[in-house]
Amino acid sequence: MKHVIALDVGGTGMKAALVAEDGTLLHEARRATGRDRGPDAVVETIQDFAAELLDTGRERFGRPASAAGVAVPGIVDSEHGIAVYAANLGWRDVPMRNLLSRRLGGIPVALGHDVRTGGLAEGRIGAGRGADRFLFVPLGTGIAGAIGIAGRIEAGAHGYAGEIGHIVVRPGGPACGCGQHGCLETLASAAAVSRAWAAASGDPEADAADCAKAVESGDARAREVWLAAVGALADGLVTAITLLDPRTLIIGGGLAEAGETLFTPLRTAVEERVTFQRLPHIVPAALGDTAGCLGAGLLAWDLLATEVPA
């Protein structure tokens, strides 16, 4: 059976699959990233994992994978197949596509940015299916975005498009790792809510999920923390809506797991802020933590579709 390798590399874990042409997951596997061993060891682990998947496909389906798609975090040069920089993994200018292609016997390899790859999957087969314009915003440790246009993801001229987390929504606010102050992700990411709720509750171990539960139980302090984050998020999203005019706005990541505890006040806050703009459908992501892996599979199949037959 014809299939491709899909690999989603995260800061702590890697998700992988063998994917059939119709999107069926033929085999799934996970492995620790092992970033504590250093960037060179992580790159070697990625290659080893991909090689195991190649062997698995050959054994189970009588043929090796036709291509591979890999999603990685940080700054990615997809055109040249280079993992430029990842703060969490410590690597710089890794020629990932060439390394993997050699390790996998010369099969073609597509390299993508993790959030844009997840957005590709959500747009084609997830919550954005059928939308010609969408914005995918996962709310995790940070906040990023993927801009969907007619079945593809817009990376921008330099690969930085969609970095909604670094829109300044509170000038002079908390310092951000990017060098600015008051960035959206310093106020509305899951990590930001965790910090704020830990301080407000006096429990240093409290996190965003605990805050959401406290909101649901009627805790006034939790509601204050939560609505401050929702307000900042709405400000950032309205800026994005004004610039991009998406038909669908897909919200994912850990914070979206709060369900309507997030979506009900968020929809209200966005609606209160728009004036002339058209309000998009605001929906939860559908694919969960499998989006990156499914998107990597789509990258691989897209690569095969664009290859010129010999």
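These numbers come from a predicted model, not from an experiment. (Residues numbered from 1 in each chain as written. Predicted model: local features only at pLDDT ≥ 70, side-chain atom pairs only at ≥ 80, totals over all residues. Heavy atoms only, no water.)

A. Looking closely at the packing of helix H5 (residues 190-201) against helix H6 (residues 208-216). Here H5 crosses H6 at 65°, and the two axes come no closer than 7 Å. Taken together, H5 and H6 sit at an angle that is classed as roughly perpendicular. Pair H5 / H6 crosses with left-handed handedness. Contacts between H5 and H6 pair Ala190, Val193, Ser194 and Trp197 from the former with Ala208, Asp210, Cys211 and Ala214 from the latter. In the contact of H5 with H6, the residues fall into 6 nonpolar, 1 polar and 1 charged. (Axes fitted to C-alpha atoms, helices over the stretch in contact; angles between N-to-C directions. Helix = DSSP H or I, 4+ residues; strand = E, 2+ residues; numbered from the N terminus. Parallel < 35°, antiparallel > 145°, perpendicular 65-115°, else oblique. Left-handed = near helix turned anticlockwise from the far one by under 90°. Contact = heavy atoms within 4.5 Å. Nonpolar A, V, L, I, M, F, W, Y, C, P; charged D, E, K, R; others polar.)

B. Broad picture of the pairing of strand S3 (residues 25-32). Of the pairings in the sheet, the one linking strand S2 (residues 13-20) to S3 comprises 7 bridges and is antiparallel in character. If you follow Met14 over to S3, its bridge partner there is Arg31. From the end of S2 to the start of S3, which pair antiparallel, there are 4 residues, and Gly23 there has a positive phi angle of about 95°. (Pairing = 2+ DSSP bridges.)

C. Local environment of helix H3 (residues 114-125). Taking 1.5 Å of rise per residue, the 12 residues of H3 would be expected to cover 16 Å, and the 16 Å separating its terminal C-alpha atoms lies within 8% of that figure. Burial of H3 is extensive: 9 of the 12 residues sit out of reach of the surface. When H3 is considered as a whole, its buried residues turn out to be Val115, Arg116, Thr117, Gly118, Gly119, Leu120, Ala121, Glu122 and Gly123. (Expected span 1.5 Å × (residues − 1). Buried < 20%, exposed > 50% of the residue type's maximum accessible area, 1.4 Å probe, protein only.)

D. Seen up close, the nonpolar core. One finds Val137, Trp226, Leu237, Ile251, Leu266 and Val270 to be the most contacted residues of the largest nonpolar core, which totals 43 residues. Taken together, the elements giving at least two residues each to this core come down to strand S9 (133-138), H5, H6, helix H7 (220-244), strand S12 (248-252) and helix H8 (260-273). Among the elements that take part in this core, H7 stands out by supplying 12 residues, more than any other. Ignoring sequence-local partners within four residues, the contact set of Val137 consists of Ile143, Ala144, Ile164, Leu237, Leu249, Ile250, Ile251 and Gly252. Among the nonpolar cores identified, the runner-up in size contains 29 residues, and Ala16, Phe49, Val76 and Ile107 belong to it. (Core = buried A, V, L, I, M, F, W, Y, C linked by side-chain atoms within 4.5 Å.)

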